[in-house]
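# Topology and contacts: notes
Chain residues, written in single-letter form:
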Amino acid sequence: MAVMSYIEAVTLAMREEMQRDSQVFVLGEDVGVRGGVFRATDGLYSEFGEDRVLDTPLTESAIAGVAIGAAAYGKRPIAEMQFADFIMPAINQIISEAAKIRYRSNNKWSCPMVVRAPYGGGIHGALYHSQSVEKIFTGVPGLKIVTPSTPYDVKGLLKSAIRDDDPVLFFEHKRCYRLIKGEVPADDYTIPIGKADVKREGTDVTVITYGMMVHFALQAAEQLEKDGISVHVLDLRTLVPLDKEAILEAVAKTGKVLVVHEDNLTGGFGGEVSAIIAEEAFFELDAPVRRLAGPDVPAMPYSPTLEKEFILNPDKIAKAIRELAEF
Amino acid sequence: MIQWVTPEGKLTKQGLKHWSKFSNDEKREWLRWMILARQFDRRAILLQRQGRIGTYAPLEGQEAAQIGSSMALHPEDWVFPSYREHGVALKVGMPISQVFLYWMGRVEGCKPPEGVRLMPPTVPIATQIPQAVGAAWASKLRKETFVSVAYFGDGATSEGDFHEGLNFAGVFKLPVIFFCQNNGYAISVPFNRQSASETIAERAKAYQIPGVLVDGNDVFAVRGVMEEAIARARKGDGPTLIEAVTYRKGSHTTADDATRYRPSDEVKEWIEERDPVERWRACLLHEGLISLEEVESWTHHCDEQVDLGIKEAESSTPALATHLFEYVYHEVSRKLMRQKTECETREIPWLN
């Protein structure tokens with residue numbers, strides 16, 4: 001089985017889907033000749049040509065809008081937002097249009113498109129190349145939201161997203177791109193959207209998280225194992241639809257839950273996860289549900305000191321787990 | 001500004017030149033469709049006043065722009081309308097009953113019959129413009145010759161999506177027509193507050209695409225310029241921006257009162273001297289293509305069709321409350337299934 005990086009899995013999934021289905025095409029800024037600023041579309045331009053790997057003007061709203069129109073006509077567009085931070089001009093298209101087309105047309109029209117966007121920080125990207133934007137969309141019915149953490153999950157979930165008949169926002173943590181490597185089977189497998197995955201079994205504290213924070217949580221779990229604290233790590237993988245059953249199961253394993261995300265604390269997705277636990281697993285709990293998240297400041301700063309302060313790391317997560325374990 | 005028929009119904013020099021381009025039968029059809037759009041519109045306002053439909057956006061005054069442009073479309077061309085294009089909707093194949101259903105708040109009103117490529121009316125303003133460009137891009141990728149049309153008003157041209165759509169289409173020379181009905185007002189804001197450029201058509205130059213300024217109350221000229229724009233698009237020569245200068249005779253919607261912001265002499269002039277239906281009727285009478293009796297009988301027939309449409313719409317089975325949960329995704333999620341069940345059983349929704 002080949003070992004590859006997270007971003008190589010992104011490229012591989014797109015390549016295989018473009019080979020499989022001629023309706024699939026990619027559009028975005030610098031995705032063609034340049035192969036993407038992160039090189040996620042590397043090699044696709046030479047393999048599939050400029051009409052299927054379309055370098056667009058700097059025009060996020062039209063990238064989403066054109067994808068919606070093409071999807072209505074039966075194409076399967078993959079729209080790349082160069083950075084999740086730059087998705088803002090496209091929000092009207094995504095929330096007002098893509099999310100509602102099936103609903104308001106009574107199933108006559110649909111929007112089978114994928115919007116890929118690199119998000120998250122810790123790469124010295126400064127204020128406008130570091131944001132987590134998932135909470136803007138998680139409360140919008142009609143969208144599906146996928147946030148994979150490993151190369152294996154990337155390939156299987158991106159393939160599912162491209163084949164899905166509804167709009168999928170596919171958020172790729174940019175720090176995972178080259179840092180995270182893993183085994184990826186060569187065969188044409190998919191992972192169903194809406195299924196969480198237990199990344200580590202444990203008995204003392206459950207961590208529920210997604211994206212880059214999965215890896216930090218796993219590192220924290222390693223540290224704590226030496227001290228006899230056994231940590232259970234649930235990777236949500238998909239935020240919408242949410243795998244509620246997996247959450248309840250993970251809560252029951254330990255009775256103590258830490259929800260972790262890099263996105264801001266207030267309004268972040270951890271609030272939804274915590275509410276579900278409070279409503280449906282209250283009697284399983286041995287301690288209050290705790291959330292560990294980015295602080296409620298407008299952005300991740302450029303200053304290395306401040307960036308470090310903003311972002312979570314294995315030590316911060318380990319400390320929070322330890323506190324819960326001792327509760 | 002291109003004008004082939006004067007407000008008095010006389011053919012201009014250009015009009016005479018193009019007169020034989022269209023059959024007499026088709027010219028008569030334009031009037032018949034304009035009458036249908038007008039009779040539909042007037043009845044819709046009455047129905048709103050009677051509480052039989054919801055808030056409604058009237059189109060009276062814009063019949064020539066809507067019918068003239070949509071008459072030029074092939075059944076397989078794509079239409080991305082705004083919320084005032086009922087004339088276009090009727091012409092491209094939306095049954096009268098369904099347009100009424102839309103204004104009754106029924107989703108059936110957004111679902112055209114099989115084969116009709118009409119998207120649901122767009123409300124957020126200008127968002128349909130990049131989407132029409134997307135359908136045109138798909139048409140190009142599929143090596144088809146169908147075009148796509150975005151309908152929008154003067155207000156939409158101040159939105160970013162107008163620029164993004166035209167720029168994108170200009171760069172890739174896509175088969176899309178940007179059809180702007182400049183009716184002078186975006187709710188209460190007059191065009192000179194919307195734009196420093198005197199016309200919308202002139203902005204086309206910046207995108208290196210043809211910009212056409214046409215008298216939007218002249219159905220003949222609108223039909224003619226639309227034909228040319230579509231022919232260019234089908235040949236692969238790219239998009240066209242058409243500005244049809246017209247006037248909304250009534251209010252923005254039935255919830256608006258246009259007398260609060262429009263000068264009465266301006267309104268009077270457009271209603272009494274520049275009406276699009278009167279203009280074409282006068283022209284056809286003058287050219288001997290119709291008789292007054294025919295116009296009367298058409299009007300009567302259109303009223304009957306509208307009556308029938310209302311009957312059909314009002315006799316359709318009431319919406320099920322659980323329809324609230326239909327078609328959020330292609331499959332029903334477990335969460336929505338639970339919420340639907342709670343709605344059906346009227347239980348307190350404790351569980352999400």
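The residue numbers shown here count from 1 along each chain, following its written sequence. All chains are assigned letters beginning at A, and all ligands numbers beginning at 1, according to the order in which they are written. Selection of residues for local features in this predicted model requires a pLDDT of at least 70, selection of side-chain atom pairs for listing and counting requires 80 or more, and totals for whole chains, interfaces and linings are taken over all residues. For side-chain calculations, the full set of non-hydrogen atoms in the structure is used, while hydrogens and water are omitted.

Quick note on the threshold: UniProt positions are given in the numbering used here, feature names are shortened, and annotations may be inferred rather than shown by experiment.
As recorded in an unreviewed UniProt entry, chain B goes by the name Pyruvate dehydrogenase E1 component subunit alpha, listed as coming from Baia soyae. On record in UniProt, under Subunit (unreviewed entry), the comment for chain B is "Heterodimer of an alpha and a beta chain." Taken verbatim from the UniProt record of chain B, the Catalytic activity (unreviewed entry) comment is "N(6)-[(R)-lipoyl]-L-lysyl-[protein] + pyruvate + H(+) = N(6)-[(R)-S(8)-acetyldihydrolipoyl]-L-lysyl-[protein] + CO2".

An unreviewed UniProt entry lists chain A under the name Branched-chain alpha-keto acid dehydrogenase E1 component, with Baia soyae as the source organism.

## Points about the overall build of chain B
Defined as follows: Put simply, DSSP H or I for four residues or longer makes a helix, DSSP E for two residues or longer makes a strand, and each gets a number counted from the N terminus. We compute the radius of gyration over the C-alpha atoms and compare it with the globule rule, which gives 2.2 Å times the number of residues raised to the power 0.38. Type-normalised accessible area, obtained with a 1.4 Å probe on protein chains alone, sets the label of each residue: buried when under 20%, exposed when over 50%, and partly exposed for intermediate values. Whether two residues touch is decided by their heavy atoms; if any such pair falls within 4.5 Å, the residues are in contact. To be clear on the numbers: accessible area is Shrake-Rupley with a 1.4 Å probe, and residue cover counts the displayed protein chains and nothing else.
A count of helices and strands for chain B gives 13 helices and seven strands. For chain B, the C-alpha radius of gyration of 21 Å lies close to 20 Å, the compact-globule estimate for 352 residues. Reported as C-alpha extents along the three principal axes, the dimensions of chain B are approximately 70 × 50 × 40 Å. Evaluated residue by residue, chain B yields a buried proportion of 57% over its 352 residues. Long-range pairs, those at least 24 residues apart, make up 73% of the contacts in chain B between residues at least 6 apart in sequence. Entry remark: accessible area of chain B is about 15200 Å², with carbon and sulfur atoms responsible for 52%.

## Re the sheet that holds strand E1 (residues 78-80) of chain B
All names here are of chain B. Quick note on the threshold: If DSSP finds at least two bridges between two strands, the strands pair. Each axis is a line fitted through C-alpha atoms, and for a helix only the stretch in contact is used; angles between axes span 0 to 180 degrees, taken between their N-to-C directions.
The five strands lie next to each other as E1-E2-E3-E7-E6, forming an open sheet whose pairing is parallel. The open sheet is flanked by E1 and strand E6 (211-215), the only strands paired with a single partner. Direction aside, the axes of adjacent strands within the sheet are offset by 20 degrees on average. As defined by bridge partners, E1 adjoins strand E2 (residues 148-153) across three bridges and the pair is classed as parallel. Each bridged residue has a counterpart across the sheet, and for Trp78 the counterpart in E2 is Ser148. Strand contacts of helix H6 (residues 128-141): E1, E2 and strand E3 (176-182), with the helix running at about 170 degrees to E2, the strand carrying the most contacts.

## Notes on the UniProt feature "domain: Transketolase-like pyrimidine-binding" (unreviewed entry) in chain A
Following the UniProt record, the feature "domain: Transketolase-like pyrimidine-binding" (unreviewed entry) maps to residues 4-179 of chain A here. Here residues 4-179 of chain A is 38% helix and 17% strand, with 10 Å between the C-alpha atoms at its ends.

## Observations concerning the confidence of the model for chain B
Selection criterion: Across the chain, each position has a pLDDT score giving the predictor's confidence in that residue, from 0 to 100.
Residues with a pLDDT of 70 or more make up 98% of chain B, whose mean pLDDT is 95. At the level of chain-chain contacts, confidence expressed as ipTM amounts to 0.91, with global pTM at 0.94.

## Examining the interface of chain A and chain B
Note the following rule: The buried area of a pairing is the accessible area, by a 1.4 Å probe, that goes missing from both parts when the two are put together, added over both. Salt bridge, as applied in this entry: a Lys or Arg side-chain nitrogen positioned within 4 Å of an Asp or Glu carboxyl oxygen. We define a polar contact as two N or O atoms separated by no more than 3.5 Å, with the added condition that, inside protein, one atom must be a possible hydrogen donor and the other a possible acceptor, whereas residues neighbouring each other in sequence contribute only through side-chain atom pairs. Nonpolar residues are Ala, Val, Leu, Ile, Met, Phe, Trp, Tyr, Cys and Pro. Charged residues are Asp, Glu, Lys and Arg, and all others, Gly as well, are polar.
The interface is formed by 50 residues belonging to chain A together with 48 residues belonging to chain B. Between chain A and chain B lies a buried interface of about 4200 Å² when both sides are counted; carbon and sulfur atoms form 57% of it. The largest contributions to the chain A side of the interface with chain B come from A:Tyr73, A:Tyr103 and A:Asn106, which together make up 20% of the buried area. The partner of B:Glu114 in a salt bridge is A:Lys108, with the nearest N and O atoms 3.7 Å apart. Summed over the shared surface of chain A and chain B, the result is 24 residue pairs in polar contact (both at pLDDT 80 or more). Tallied by class, the residues present in the side of chain A that touches chain B amount to 17 nonpolar, 14 polar and 19 charged.

## Overview of the domain arrangement of chain A
Residues and elements named next belong to chain A. Which entries qualify depends on this criterion: Note: domain ranges come from an automatic or database domain assignment.
As far as domains go, chain A holds domain 1 (2-184) and domain 2 (197-326). Residue-level contacts link 29 residues of domain 1 with 26 residues of domain 2. Interface area, domain 1 with domain 2, both sides summed: about 2300 Å², of which 57% is carbon and sulfur. In terms of surface lost to domain 2, no three residues of domain 1 exceed His124, Lys135 and Thr147, which account for 23% of the buried area on that side. Remark: the boundary between domain 1 and domain 2 carries three salt bridges. Between Asp263 and Lys135 there is a salt bridge, with its nearest N and O atoms 2.9 Å apart. The interface formed by domain 1 and domain 2 contains 14 residue pairs in polar contact (both at pLDDT 80 or more). Contributions of two or more residues to the side of domain 1 that touches domain 2 are made by helix H6 (134-137), strand E6 (144-146), helix H7 (151-163) and helix H8 (176-179).

## Points about the domain arrangement of chain B
Frequently, the measure chosen for interface size is the accessible area removed from exposure when the parts meet. Along its sequence, chain B is organised into domain 1 (13-318) and domain 2 (320-352). One C-alpha centre belongs to domain 1 of chain B, the other to domain 2 of chain B; they are set 38 Å apart.

## A short note on the packing of helix H3 (residues 60-72) of chain A against helix H4 (residues 91-98) of chain A
All names here are of chain A. Rule in force here: Working rule for angles: under 35 degrees goes down as roughly parallel, over 145 as roughly antiparallel, 65 to 115 as roughly perpendicular, anything else as oblique.
Two elements in contact, H3 and H4, have axes separated by 7 Å at closest approach and are oriented at 30 degrees. Between H3 and H4, the crossing angle belongs to the class labelled roughly parallel. In this structure, H3 contributes Ser61, Ala64, Gly65 and Ile68 to the contact, and H4 contributes Gln93, Ile94, Glu97 and Ala98. For the contact of H3 with H4, a count of residues per class yields four nonpolar, three polar and one charged.

## Examining the packing of aromatic side chains
Residues and elements named next belong to chain B. Applicable threshold: Centres within 6.5 Å are what make two rings of Phe, Tyr or Trp a pair, Trp counting through its six-membered ring; a difference in plane orientation under 30 degrees is then read as stacked, over 60 as edge-to-face, and the rest as tilted. Any Lys NZ or Arg CZ found within 6 Å of a ring centre and within 35 degrees of that ring's normal is scored as a charge over the ring.
The tally for this structure, following the rule as stated, stands at 31 aromatic pairs over all chains. Ring geometry for Trp4 versus Phe220: centroids 4.9 Å apart, planes at 75 degrees, classification edge-to-face. Taken together, the residues Trp4 in the segment before helix H1 (13-18) and Phe220 in helix H9 (residues 219-235) connect sequence positions 216 residues apart. Note on accessibility: Trp4 and Phe220 belong to one class, buried. Measuring from ring centre to ring centre gives 6.0 Å for Tyr185 and Tyr261, while their planes differ by 45 degrees; the resulting arrangement is tilted. Of this pair, Tyr185 sits in strand E4 (residues 185-186) while Tyr261 is found in the loop between strand E7 (240-245) and helix H10 (264-273), placing the two residues 76 residues apart along the sequence. You'll find Tyr185 and Tyr261 in the same group, each marked buried. Counting every residue linked through ring pairs, the aromatic cluster contains Trp4, Trp19, Phe22, Trp30, Phe220 and Trp280. Across the ring face of Trp33, the terminal group of Arg32 is positioned such that the distance to the ring centre comes to 5.8 Å. The lysine or arginine in question, Arg274, covers the ring of Trp270, its NZ or CZ lying 3.9 Å from the ring centre.

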